[in-house]
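# Close look at the chain arrangement
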Amino acid sequence: MEQRRESVYLGIDINDRYAMVSYYQLNMNEPETISTIAGGEAFQIPTILAKRKGMGQWYYGDDAKKMAKTSEVICVDSLLKRAVNGDTVRMEEENYNAWELLALFLKKVIDLPKKLGNLPFFDKIILSVERLSKENMEVFWRIAPKLGLSSEQFMIIDHKESFYHFALSQSESLWIHDVYMFENDGKNLFYYGLKRNARTKPQMISIKEGIKNPVEADAEQDREFLGILRRAFENQIVTTAYLVGEGFEGGWMKESLNFLCKNRRVFMGNNLYSKGACYAGFNREYPERWKFIYMGEHEMKFNLSLKVRDCGNMAFHTLISAGQNWFETKGDCEVILMGTPEIEFWKQLPNSRDAVIESLELTDLPNRPDRTTRLRITATPISDEKIEVEIKDMGFGEIYRSTDKTWKYTMMM
């Protein structure tokens with residue numbers, strides 16, 4: 001019997017300054033981050049493209065950065081911002097859509113592991129960005145076909161969700177209590193605090209967020225960071241802290257590091273988000289192994305289900321699951337109508353056993369014998385708390401023709 005190949009997940013953290021790439025398989029202890037220099041730790045790939053003048057030759061990353069110092073190329077930076085803004089970039093009498101340039105950059109980044117011999121193939125790509133918005137989601141979903149990716153092979157999350165997947169994919173001893181992550185890019189200091197409610201099933205995860213502009217002087221920065229830590233950790237038991245970003249380099253942390261390391265595990269590194277993206281792809285593919293649900297600002301806040309009879313047994317068919325990103329989730333199914341011309345939808349909070357039942361009457365439905373009306377039901381979120389439900393009459397084969405009549409409702413919890 002042919003042995004099933006383990007899926008490979010490619011996690012890419014991307015912003016307007018750089019991209020980082022990690023990959024993961026089930027047989028690995030943890031994701032591995034790709035270095036552009038063999039045996040080194042050159043993880044950051046500058047988000048820059050350069051085109052050689054008079055030719056169709058393109059450079060990216062460090063090569064583009066080096067070539068930008070010459071007069072041989074035309075350089076484009078801030079690719080992500082330009083793409084989201086819908087910019088057009090003019091280069092040598094030719095106009096380029098910024099989103100197409102971003103697609104070209106991402107294609108070269110995706111090909112990097114193959115060229116370096118780390119990864120001959122991948123099954124899923126997960127992009128991690130600082131913030132999710134409708135605008136950047138639309139850009140990435142436009143780019144996906146350019147990269148030859150189907151919706152099953154492509155996923156987009158934000159930094160909070162990357163942190164969530166990374167933190168809870170570690171040894172349980174590291175998240176037995178609260179977990180914090182601090183990011184310092186040299187200009188701003190962000191922090192995320194992860195709390196876990198072990199009394200719910202699945203366990204509910206919440207993340208609080210804070211931001212502080214750090215001061216320049218090292219001694220003052222150390223004292224100010226210590227104050228931020230004390231306020232953030234007040235009345236909490238914190239098991240682990242992660243420090244991310246170049247701003248923590250330089251050896252300026254003294255008092256703050258002493259405070260951090262008291263009865264806590266502390267880790268430093270810059271590739272947490274790309275590794276977290278890898279774990280996110282794996283956890284989405286194997287939800288039965290994942291006992292948590294994250295209720296962030298973009299995640300659906302309730303489950304929407306139908307109670308159906310399947311092979312003679314009553315069962316629930318979930319259309320939309322709480323915890324899914326509302327930008328990219330959608331649910332549909334076809335059912336045969338039994339009894340009265342109405343559909344019952346079950347709405348349930350993820351931390352509750354109780355459900356709210358909402359019955360939708362199908363007015364003006366043709367009068368047909370029982371079980372001779374087929375309906376297509378489509379559920380499309382329009383926010384994290386609202387779902388548009390569309391029900392369409394599909395008839396019943398050649399016996400009863402479809403009227404193409406459609407009913408639409410908006411549901412809230």
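First things first, this report covers the structure right here in the doc. (Residues numbered from 1 in each chain as written. Predicted model: local features only at pLDDT ≥ 70, side-chain atom pairs only at ≥ 80, totals over all residues. Heavy atoms only, no water.)

## Considerations on the sheet that holds strand 24 (residues 386–395)
Spatial ordering of the open sheet is given by 20-23-24-25, a layout of four strands whose pairing is antiparallel. With partners counted over all chains shown, the strands left at the sheet margins are strand 20 (331–336) and strand 25 (406–412), one partner each. With direction set aside, neighbouring strand axes in the sheet form an average angle of 20°. (Pairing = 2+ DSSP bridges. Helix = DSSP H or I, 4+ residues; strand = E, 2+ residues; numbered from the N terminus. Axes fitted to C-alpha atoms, helices over the stretch in contact; angles between N-to-C directions.)

## Focus: unusual backbone geometry
Looking along the chain, the bond that leaves Lys 201 and enters Pro 202 is cis, with omega of 0°. As for its position among the elements, Pro 202 is in the loop between strand 13 (189–197) and strand 14 (203–212). Its identity as a non-glycine residue notwithstanding, Glu 93 has a phi of 65°, on the positive side. Inspection of the secondary structure puts Glu 93 in the loop between strand 8 (88–91) and strand 9 (94–97). The exposure class of Glu 93 is exposed, given its relative accessible area of 68%. Of note, Asn 263 is a non-glycine position whose phi angle comes to about 60°, a positive value. Counting through the fold element by element, Asn 263 comes out in the loop between helix 7 (255–260) and strand 16 (265–268). Residue class for Asn 263 comes out exposed when judged on its relative accessible area of 81%. (Buried < 20%, exposed > 50% of the residue type's maximum accessible area, 1.4 Å probe, protein only.)

## Thoughts on the pattern of salt bridges
The full count for this structure, using the stated rule, is 22 salt bridges. A salt bridge links Glu 209 to Lys 160; the nearest nitrogen and oxygen atoms lie 3.0 Å apart. One end of the pair, Glu 209, is in strand 14; the other, Lys 160, is in helix 5 (residues 159–168), with 49 residues separating them in the sequence. Beyond isolated ion pairs, a larger network of salt bridges with shared partners links Arg 131, Lys 160, Glu 209 and Glu 297. (Salt bridge = Lys/Arg side-chain N within 4 Å of Asp/Glu carboxyl O.)

## Some words on a nonpolar patch on the surface
Taken together, the side chains of Leu 349, Val 356 and Met 413 make up a nonpolar region of the molecular surface, amounting to roughly 250 Å² of accessible area. Locating Leu 349 in the fold gives a position in the loop between strand 21 (342–348) and strand 22 (356–361). (Patch = residues over 30% accessible without salt bridge, like charges linked within 9 Å, V, L, I, M, F, W, Y side chains within 5 Å. Areas by Shrake-Rupley, 256 points an atom, 1.4 Å probe, with all protein chains shown as cover.)

## Brief notes about the sheet that holds strand 6 (residues 58–60)
If you walk across this open sheet you meet the three strands as 6-5-7, and the pairing is antiparallel. Two strands bound the open sheet, and with one partner strand each, they are strand 6 and strand 7 (73–76). Neighbour-to-neighbour, the strand axes of this sheet turn through a mean angle of 25°, independent of strand direction. One ladder, built from three bridges, connects strand 5 (residues 49–52) with strand 6; its direction is antiparallel. The partner of Leu 49 across the bridge, within strand 6, is Tyr 60.

## Here we look at helix 3 (residues 98–115)
Counted at 1.5 Å a residue, the expected span for helix 3 with its 18 residues is 26 Å, and the 25 Å between its end C-alpha atoms agrees. Listing the buried residues of helix 3 in full gives Ala 98, Trp 99, Leu 101, Leu 102, Ala 103, Phe 105, Leu 106, Val 109, Ile 110, Leu 112 and Pro 113. With its phi angle positive at about 80°, Gly 117 sits one or two positions after the end of helix 3. (Expected span 1.5 Å × (residues − 1).)

## A word on the nonpolar core
In terms of nonpolar packing, the biggest core is built from 76 residues, with Leu 102, Phe 140 and Phe 163 touching the most fellow members. If you look at the next biggest cluster of nonpolar residues, it comprises 23 residues, including Trp 326, Phe 345, Leu 362 and Ile 377. (Core = buried A, V, L, I, M, F, W, Y, C linked by side-chain atoms within 4.5 Å.)

## A closer look at the pairing of strand 23 (residues 374–381)
Moving residue by residue along a regular strand, the side chains alternate between the two faces of the sheet. Alignment of strand 20 against strand 23, held across six bridges, turns out to be antiparallel. Opposite Ile 336, over in strand 23, you have Arg 374 as the bridge partner. Across eight bridges, strand 23 lies against strand 24 in antiparallel orientation. Along strand 24, the bridge assignment pairs Ile 377 with Ile 391. Following strand 23, the chain reverses through four residues before pairing antiparallel with strand 24.

## Quick look at the environment of Arg 376
Secondary-structure assignment places Arg 376 in strand 23. Judged by relative accessible area, which is 34%, Arg 376 ranks as partly exposed. Each C-alpha atom of the pair Arg 376 and Cys 333 lies 5.9 Å from the other, and the pair is 43 residues apart in sequence. Contacts of Arg 376, omitting those with residues within four sequence positions, involve Cys 333, Glu 334, Glu 390, Ile 391, Lys 392 and Met 394. (Contact = heavy atoms within 4.5 Å.)

## Examining the environment of Gln 57
The residue Gln 57 is located in the loop between strand 5 and strand 6 in this model. The spacing of Gln 57 and Val 73 is 16 residues in sequence and 9.4 Å in space, taken between C-alpha atoms. Contacts of Gln 57, omitting those with residues within four sequence positions, involve Ala 50, Lys 51 and Arg 52.

## A short note on the side chain of Ser 162
One can find Ser 162 in helix 5. When residues no more than four places from it in sequence are discounted, the contact partners of Ser 162 are Ser 128, Ile 157, Tyr 273, Gly 276 and Ala 277.

## Some details on the environment of Leu 102
Inspection of the secondary structure puts Leu 102 in helix 3. In this structure the C-alpha to C-alpha distance between Leu 102 and Arg 199, which are 97 residues apart in sequence, comes to 44 Å. If we skip the residues at most four places from it in the chain, Leu 102 touches Ile 14, Leu 79, Leu 80, Ala 83, Val 139, Phe 140 and Ile 143.

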